[in-house]
Amino acid sequence: MQRLDGKIALVTGGSSGIGRAAALAFAREGAKVVVVDILVEGSEETIKMIRGVGGEAIFVKADVSRSDEVEAMVSRTVEVYGRLDCAFNNAGIGGGRAPTAKTTEEEWDRIININLKGVWLCLKFEIQQMLKQGGGAIVNTSSVAGVVGFQGTPAYVASKHGVIGLTKAAALEYATSGIRVNAVCPGVIRTPMIDRIVKARPEMKEVYRTMHPIGRLGEAEEIAEAVVWLCSDAASFVTGHSMLVDGGLTVQ
Amino acid sequence: MLRLDGKIGLVTGGSSGIGRATALAFVREGAKVVIADILVEGSEETIKMVEKAGGQAIFVKADVSRSDEVEAMVKKAVEVYGRLDCAFNNAGLGPGRSRTADFTEEEWDRVISINLKGVWLCLKYEIQQMRKQGAGAIVNTASVVGLVGFQGAPAYVASKHGVVGLTKAAALEYATSGVRINAVCPGVTSTPMIEDIVAARPKMAEFYRTLHPMGRLARPEEIAEAVVWLCSDAASFVTGHSLVVDGGLVAQ
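Residues numbered from 1 in each chain as written. Chains lettered and ligands numbered in written order. Predicted model: local features only at pLDDT ≥ 70, side-chain atom pairs only at ≥ 80, totals over all residues.

Student: Mind showing me how you'd approach the overall build of chain B here?
Tutor: Along the backbone of chain B there are eight helices and seven strands. What you see for chain B is a C-alpha radius of gyration of 17 Å, in line with the 18 Å of a compact globule of 252 residues. (Helix = DSSP H or I, 4+ residues; strand = E, 2+ residues; numbered from the N terminus. Rg over C-alpha atoms; globule rule 2.2 N^0.38 Å.)

Structure (structure tokens):
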């Protein structure tokens, strides 16, 4: 039985990695999908893959740090599909390699604008739409770095902690409006974002692996599973929660 | 697709409430179930409901605070069904009504021995069995009061915080052994345990309701859904986690 049958789902950062896996998972569960990203090529590949499994999807180009583009993204979704039931606010960038006192203002602003402000902008317009409908479910991508600290990437850690706070706040505000808002906190996941880091610094492969008690990195599909569940009716009493999918990393 | 097809599940405290709902959910997903409880009548009713739904279950009478009975419970499961794939350590006593300085030693020992030591004893023998198999998934019933405080039930709050800690510890120890261990943290759930409290003190009904931003209590099925998911392969990278199902309570 398809758990999101007839639903309309939106995924930001759907051009690769966790976003792509989630878009595919949404489609497999019966949803029509709006793939949002600033990257065109990867997004079109995601759409192809969705159609390849018999699903339906469209691409909307949007920079989540821009209010007008986020508003248009939701507008376009409603224009094409009439409604918005599930949203996965996943678009985000990785951190740099500078510690707190050496991080530049430009780097700080860039990461915060996309990873934190971008999530808030998406929430703003998604919730406005969902209020009109009387309900919906939203999942924000935080991270293990939203729960514990990591060295060398203060803006990333701050942004991901911020997402957790924002998730709680929004969840409380709309708890009686039929809108559930949760977060997923992935450990280190095998995605292009991580592949790039490992390519530049091969020693990070073993560092990442041994961070997880389970002894391996996570797969994008494992994050997608959690997102699908949180968006489904099975999670009808779950709101304001940050679900850790991290092979035990944060419980050490 | 049945998510626990062919699996063997065990539920302690399966005679009513969350335990019963989870036993039924396990069966719906294709598992055979062992119902463990000290209460015979309710357990037999659960078995009847399982069989009526076309499933298979047996009853093992066991007091989870007794090492010999927990060992025998797991032995019986293996004797009848050959293996143990999923365990839900849910048996527990509810909150009392005395504050910390007025609490009796007898009441303290009773609550701790069932709610905390009982969970550890179950983990001990379940993990021993699952390690032989190379795989298994366990969920312990904690509570929102395993994460936040609550007045008038110090042993209950301590025991549930303890379950959260025990879950993390055991998860770390067996993370590379194929055994995943997580907890579920329900908010106040519509079960006989709560109905008993409300029957004695009707004002508690509204109090409990307003604790939850969503404005209602949890249904036992909503807790069961979380347990099923955590036991399934969809949660393959989730271990040591306390999944909160509380209508936004702890997000406040």
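Next comes the rest of the write-up.
Student: What is the right way to read the pairing of strand E3 (residues 57-61) of chain B from this model?
Tutor: Look at any regular strand and the pattern is simple: side chains alternate between the two faces of the sheet. Residue and element names in this part refer to chain B. Here strand E2 (residues 32-37) runs beside E3; their pairing, made up of five bridges, is parallel. For Asp 37, the partnering residue across the bridge sits in E3 and is Lys 61. On the question of chirality, the crossover connecting E2 to the parallel E3 by way of helix H2 (residues 40-52) is right-handed. (Pairing = 2+ DSSP bridges. Right-handed = clockwise from strand over helix to strand, strands pointing away.)

Student: What's the story with the pairing of strand E4 (residues 86-89) of chain B in this structure? I'm lost.
Tutor: All names here are of chain B. Side chains Cys 86 and Phe 88 project from E4 onto one buried face, and the interleaved Ala 87 and Asn 89 project onto a second face that is buried too. In terms of strand pairing, strand E1 (residues 8-12) meets E4 through three bridges, oriented parallel. Note on E4: the bridge partner recorded for Gly 9 is Cys 86. Pairing geometry for E4 and strand E5 (residues 136-141), over four bridges, is parallel. Bridging from a neighbouring strand, Ala 87 pairs with Ile 138 of E5. Once you follow E4 into helix H4 (residues 105-133) and on to E5, the crossover reads as right-handed. (Buried ≥ 20, exposed ≤ 12 C-beta atoms within 10 Å, placed from the backbone.)

Student: I'm lost on the sheet that holds E4(B) in this one. Help?
Tutor: Note: strands within a sheet are paired through backbone hydrogen bonds, in either parallel or antiparallel orientation. Residue and element names in this part refer to chain B. With parallel pairing, the seven strands of this open sheet are ordered in space as E3-E2-E1-E4-E5-E6-E7. Each edge of the sheet is formed by a strand with only one pairing partner; in this case those strands are E3 and strand E7 (242-245). Between one strand axis and the next, the sheet turns by 20 degrees as a mean value, whatever way the strands run. Here E1 runs beside E2; their pairing, made up of five bridges, is parallel. The partner of Gly 9 across the bridge, within E2, is Val 33. The strands touched by helix H1 (residues 17-28) are E1, E2, E3, E4, E5 and strand E6 (179-186); relative to E1, the strand with the most contacts, the crossing angle is about 175 degrees. Sitting on the sheet, helix H8 (residues 220-231) touches E4, E5, E6 and E7, and the angle it makes with E6 is about 165 degrees. (Axes fitted to C-alpha atoms, helices over the stretch in contact; angles between N-to-C directions. Contact = placed C-beta atoms within 7 Å.)

Student: How should I be thinking about the sheet that holds strand E1 (residues 8-12) of chain A in this particular structure?
Tutor: All names here are of chain A. Here we have seven strands laid out as an open sheet, ordered E3-E2-E1-E4-E5-E6-E9, and parallel in their pairing. Each of the sheet's edge strands pairs with one partner strand only, and the pair in question is strand E3 (57-61) and strand E9 (242-245). Taking each pair of neighbouring strands and ignoring which way they run, the sheet shows an average axis angle of 20 degrees. In terms of strand pairing, strand E6 (residues 179-186) meets E9 through four bridges, oriented parallel. Paired with Pro 186 across the two strands is Val 245, which belongs to E9. Contacting strand E5 (136-141), E6 and E9, helix H5 (residues 154-173) crosses the sheet at an angle of about 165 degrees to E6. Across the face of the sheet, helix H8 (residues 220-231) comes into contact with strand E4 (86-89), E5, E6 and E9 while running at roughly 165 degrees to E6.

Student: Explain the nonpolar core here, please?
Tutor: Nonpolar side chains in soluble globular proteins generally cluster together in the buried interior. A:Phe26, A:Val33, A:Val227, A:Leu230, B:Val184 and B:Leu230 are the most contacted members of the largest nonpolar core, which totals 165 residues. In this structure, B:Val184 is in contact with B:Val139, B:Thr141, B:Ala142, B:Ile223, B:Ala226, B:Val227, B:Leu230, B:Leu243 and B:Val245, ignoring residues within four places of it in sequence. (Core = buried A, V, L, I, M, F, W, Y, C linked by C-beta atoms within 7 Å.)

Student: What should I look at first to understand the interface of chain A and chain B in this one?
Tutor: It is common to report an interface's size as the accessible area lost on association of the parts. Taken residue by residue, the interface counts 26 residues in chain A and 27 residues in chain B. In terms of residue class, the side of chain A that touches chain B is built from 13 nonpolar, 10 polar and three charged. (Nonpolar A, V, L, I, M, F, W, Y, C, P; charged D, E, K, R; others polar.)

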